[in-house]
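# Survey of secondary and tertiary structure
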2 protein chains.
Amino acid sequence: MHRTKVRVVEDVLDANDTIARANRDDFDRAGVAVVNLMSAPGAGKTRLLERALDGLAASGVRAGVLEGDVQGSYDADRLSLLHVPVVQLNTDGGFGGECHLDANMVRSALPSLPLDELDLLVVENVGNLVCPAEFRIGEDARIMVCSVTEGEDKPLKYPLMFRACELVLINKVDLLEHLEFDVDRLLANLDAVHPGVERMLVSARTGEGVDAFRDWLAQVPVRMARPPTPV
Amino acid sequence: MHRTKVRVVEDVLDANDTIARANRDDFDRAGVAVVNLMSAPGAGKTRLLERALDGLAASGVRAGVLEGDVQGSYDADRLSLLHVPVVQLNTDGGFGGECHLDANMVRSALPSLPLDELDLLVVENVGNLVCPAEFRIGEDARIMVCSVTEGEDKPLKYPLMFRACELVLINKVDLLEHLEFDVDRLLANLDAVHPGVERMLVSARTGEGVDAFRDWLAQVPVRMARPPTPV
């Protein structure tokens, strides 16, 4: 009796991961590094980006932004003033709106972005401390912004989000003197869920720490060190 | 030929609404009014509750709390110090955790609550400005907390959340003098998405506005005015 050989396929990716890999391939071909910027609503992602992008071109890094929001283009409008390519992606297609970006949403925006002209694409996710961490979009690195007005307990209450990132920005430190906020306690909680993760104290308002953040962003394309694949 | 009569059933509820109605029936039978407390992470829901519940018993209102969190029981532990019945509901059963409470999760917690001994149940939802607004849990009223550190644009960016509530608490007003925050602009944005919705300026830290919030909570069972249905 003749039997055909049965091939066992393991580790089947879920649909999101399959599309994230397709995005990743496109980013590699274009030679663009991608960061996924995540936080709770109002933690200051957009303002930090405004400060960091302003001056990034001087480092020779050509940056673009993909803005994710349930509705509207308020943040994209702000960032467009910096003369970088900005595309707005709204998630309110169905129901009350999606609370996160996924690989497929990002993929639908790629044709609107001049990937070949970029070194760095920053994807600003929907403000949310749960679901954005569950959906890879094909990014090289994930940045988590938490602000000192949110309380020290957030890493313990939303551990996946604080684990699934390479850099934690602790924003609004200019307000520390007006708050009962214990930075050491926040850092201990952070280390409890993600020991040793890189972190920076920053203030989008005063600019404190923004140079270090800008340098970090400028290094992402270098660290990825992917020579563009010839098409 | 004999035909049976065909009955057309319209307006089929989705599963969540069906379970929310079952919860509502149970709340009615027990004569307990229910509020759903929602906000972004770190807006100050728990601290406001601590301040408001402390003293509510003096108004003759017997309150209990159902705490929703992805993980941990930090907030429930804090509230248990107030000697009110507190039940913690964690949403991290699968994947990275659910970003909201739904009617079924709340229903699973009901046997742990002494409903017959309560006049008011406060359900503190998971911190998130998108999905909690999409899932009714059988509540009488919804309260939305936004803090002045989150920026004036939030009603425009998360309109469903600001529409799906009967009261908006604008928290952390003690920080206003340290922020570039325009309260009038926030209120205009709020009125743009939910004209005339009741709103209160509060500070969980200083206690400003907390008496008014406590009075509002005390009135929920009165306004519902549902005499307990004899079982």
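Look up: the structure comes first, before these words.
For clarity, every value in this text was computed on a predicted model and none was experimentally measured. (Residues numbered from 1 in each chain as written. Chains lettered and ligands numbered in written order. Predicted model: local features only at pLDDT ≥ 70, side-chain atom pairs only at ≥ 80, totals over all residues. Heavy atoms only, no water.)

### Concerning the overall build of chain A
Across its full length, chain A carries eight helices and seven strands. Relative to the compact-globule value of 17 Å for 231 residues, chain A shows a C-alpha radius of gyration of 19 Å, a close match. A principal-axis box enclosing the C-alpha atoms of chain A has dimensions of 80 × 40 × 40 Å. The buried share among the 231 residues of chain A stands at 57%. Expressed as a percentage of contacts within chain A between residues at least 6 apart in sequence, the contacts between residues at least 24 apart total 75%. Carbon and sulfur atoms make up 50% of the accessible area of chain A, which totals about 10,100 Å². Positive and negative side-chain charges in chain A, numbering 24 and 37 respectively, have mean positions lying 5 Å apart. (Helix = DSSP H or I, 4+ residues; strand = E, 2+ residues; numbered from the N terminus. Rg over C-alpha atoms; globule rule 2.2 N^0.38 Å. Buried < 20%, exposed > 50% of the residue type's maximum accessible area, 1.4 Å probe, protein only. Contact = heavy atoms within 4.5 Å. Areas by Shrake-Rupley, 256 points an atom, 1.4 Å probe, with all protein chains shown as cover. Lys, Arg positive; Asp, Glu negative; His and termini not counted. Charge placed at Lys NZ, Arg CZ, Asp CG, Glu CD.)

### Side note on the sheet that holds strand β4 (residues 120–124) of chain B
All names here are of chain B. Pairing within the open sheet is parallel, and its seven strands lie in the order β3-β2-β4-β1-β5-β6-β7. Each edge of the open sheet carries a strand with a single partner, namely β3 (86–90) and β7 (198–201). Between one strand and the next, the sheet's axes are offset by a mean angle of 20 degrees, whatever the strand orientation. Direction of pairing for strand β2 (residues 63–69) relative to β4: parallel, over a ladder of five bridges. Bridging across to β4, Gly-64 finds its partner in Leu-121. In the packing of helix α8 (residues 210–224) onto the sheet, contacts are made with β1 (33–39), β4, β5 (141–147), β6 (167–171) and β7, and the angle to β1 comes to roughly 140 degrees. (Pairing = 2+ DSSP bridges. Axes fitted to C-alpha atoms, helices over the stretch in contact; angles between N-to-C directions.)

### Quick look at empty space enclosed by the protein
Counted under the stated rule, the structure contains one cavity of 30 Å³ or more. Taken as a whole, the largest cavity spans an internal volume of roughly 50 Å³. Around the largest cavity sit 13 residues that line it, and Pro-41 and Glu-150 of chain A together with Pro-41, Thr-149 and Glu-150 of chain B are the ones nearest its centre. Looking at side-chain class alone, the lining of the largest cavity contains three nonpolar, six polar and four charged residues. (1 Å grid on protein atoms, 1.4 Å probe; cavity = no way out; pocket = protein on both sides within 12 Å on 5 of 7 lines; lining within 4 Å. Points joined across faces, edges and corners; volume = space filled by probe spheres on them. Nonpolar A, V, L, I, M, F, W, Y, C, P; charged D, E, K, R; others polar.)

### Side note on the interface of chain B and chain A
In this complex, chain B contributes 37 residues to the contact, which on the side of chain A involves 37 residues. Each partner contributes to the roughly 3,100 Å² buried at the junction of chain B and chain A, and carbon and sulfur atoms together form 56% of this total. A per-residue breakdown of the area chain B buries against chain A is headed by Pro-41, Lys-157 and His-178 of chain B, which together make up 18% of the total. Put simply, chain B and chain A have eight salt bridges between them. Counting the contacts that link chain B with chain A gives 14 residue pairs in polar contact (both at pLDDT 80 or more). Listing elements by their share of the side of chain B that touches chain A, those giving two or more residues are α3 (74–80), α5 (154–157) and α6 (159–163) of chain B. Of the residues forming the side of chain B that touches chain A, the biggest block, three residues, is contributed by α5 of chain B. (Buried area = accessible area lost by both parts, 1.4 Å probe. Salt bridge = Lys/Arg side-chain N within 4 Å of Asp/Glu carboxyl O. Polar contact = N/O pair within 3.5 Å; in protein donor to acceptor, adjacent residues only side chain to side chain.)

### Re the relation of the copies chain B and chain A
With an RMSD of 0.1 Å, chain B superimposes on chain A once it is rotated by 180 degrees and translated 0.0 Å along the axis. Taken together, these values place the two copies in the relation of a two-fold axis. Among all residues of chain B, the one whose C-alpha sits closest to the rotation axis is Asn-128 of chain B, at a distance of 3.0 Å. Take the interface residues of chain B: 100% of them recur as interface residues in chain A, which is what a same-surface contact looks like. (Least-squares fit on C-alpha atoms with pLDDT ≥ 70 in both.)

### Re helix α7 (residues 183–193) of chain B
Residues and elements named next belong to chain B. Of the residues making up α7, those classed as buried are Val-183, Leu-186, Leu-187, Asn-189, Leu-190 and Val-193. For α7, the angular spread of buried residues about the axis comes to 160 degrees, placing them on one side. Exposed side of α7, more than 90 degrees from the buried face: Asp-184 and Ala-192 are the residues found there. Contacts made by the buried residues of α7 are with β5, α5, α6, β6 and β7. Between a side-chain oxygen at the N-terminus of α7 and the backbone nitrogen of Asp-184 the separation is 3.0 Å; the capping residue is Asp-182. (Arc of directions from axis to C-beta.)

### Some thoughts on the pairing of β5 of chain B
Residue and element names in this part refer to chain B. Counting buried positions over the seven residues of β5 gives seven, a clear majority of the element. Going residue by residue along β5, you find Ala-141, Ile-143, Val-145 and Ser-147 tucked away on one face and Arg-142, Met-144 and Cys-146 tucked away on the opposite face as well. Sheet analysis places β1 next to β5, joined by five bridges and oriented parallel. Pairing of Ser-39 across the sheet is with Val-145, part of β5.

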